[in-house]
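Now for the letters of each chain:
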Amino acid sequence: ELQVITPKKLDVVTLRVSEGQCVLLGGLARVEVVDAPLGAFFLTFYVAPTLTLHPTSAKNADAAFREKHAGGLLSPPFDSERVAELGDFESHTVEIDGRGFEGAAADVTLAGLGWLAVYGSGRR
């Protein structure tokens, strides 16, 4: 699994994520927009080409969803046993005031996976 997420080249993928939505990074991490009163954010992910990004509703992104789709829609990990070994996600809250689309309001590091830049929603 480690070889899959440490590539020589990164993919750059931008997704529009509104309040109540999240992006699953394989079955390894979840980035959720909890509050966006001024609209959606654009999240630009810099990750391995083999790490699947799956935008979905936050209410659908539970542990059962991860186990059901491990190795297919969500990879890595490549099977449900590995999902069980990894356990539940650890939660971290990051508050970001958007800067519109003139530049990233913040870069967020996802240890061992890559990083994301946050654009959009907020004061100009």
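Quick look at the structure, then. Model, not experiment: these values are computed from the prediction.

Parameters at a glance
Residues numbered from 1 in each chain as written. Predicted model: local features only at pLDDT ≥ 70, side-chain atom pairs only at ≥ 80, totals over all residues. Heavy atoms only, no water. 1 Å grid on protein atoms, 1.4 Å probe; cavity = no way out; pocket = protein on both sides within 12 Å on 5 of 7 lines; lining within 4 Å. Points joined across faces, edges and corners; volume = space filled by probe spheres on them. Helix = DSSP H or I, 4+ residues; strand = E, 2+ residues; numbered from the N terminus. Nonpolar A, V, L, I, M, F, W, Y, C, P; charged D, E, K, R; others polar. Contact = heavy atoms within 4.5 Å. Pairing = 2+ DSSP bridges. Axes fitted to C-alpha atoms, helices over the stretch in contact; angles between N-to-C directions.

### Describing the layout of surface pockets
Approximately 1,200 Å³ is the volume attributed to the largest pocket. Lining the largest pocket are 34 residues, with Val31, Glu32, His92, Thr93 and Val94 sitting closest to its centre. Elements represented by at least two residues in the lining of the largest pocket include exactly strand 3 (29-33), strand 4 (41-47), strand 6 (106-110) and strand 7 (114-120). A per-element tally of the lining of the largest pocket places strand 3 first, with five residues. Among the residues making up the lining of the largest pocket, the classes are represented as 19 nonpolar, eight polar and seven charged.

### Considering the side chain of Ser18
In this structure, Ser18 sits in the loop between strand 1 (11-17) and strand 2 (21-25). Contacts of Ser18, omitting those with residues within four sequence positions, involve Val33 and Ala40.

### A short note on the sheet that holds strand 5 (residues 53-57)
A sheet is described by the order of its strands in space; here three strands give the open sequence 3-2-5, paired in antiparallel fashion. Pairing within the sheet leaves two strands with one partner each, and these edge strands are strand 3 and strand 5. When the angles between neighbouring strand axes are averaged without regard to direction, this sheet yields 20 degrees. Note that strand 2 and strand 3 share five bridges and pair antiparallel. What sits directly across from Val23, in strand 3, is Val31.

Purely geometric numbers; function is a separate question.
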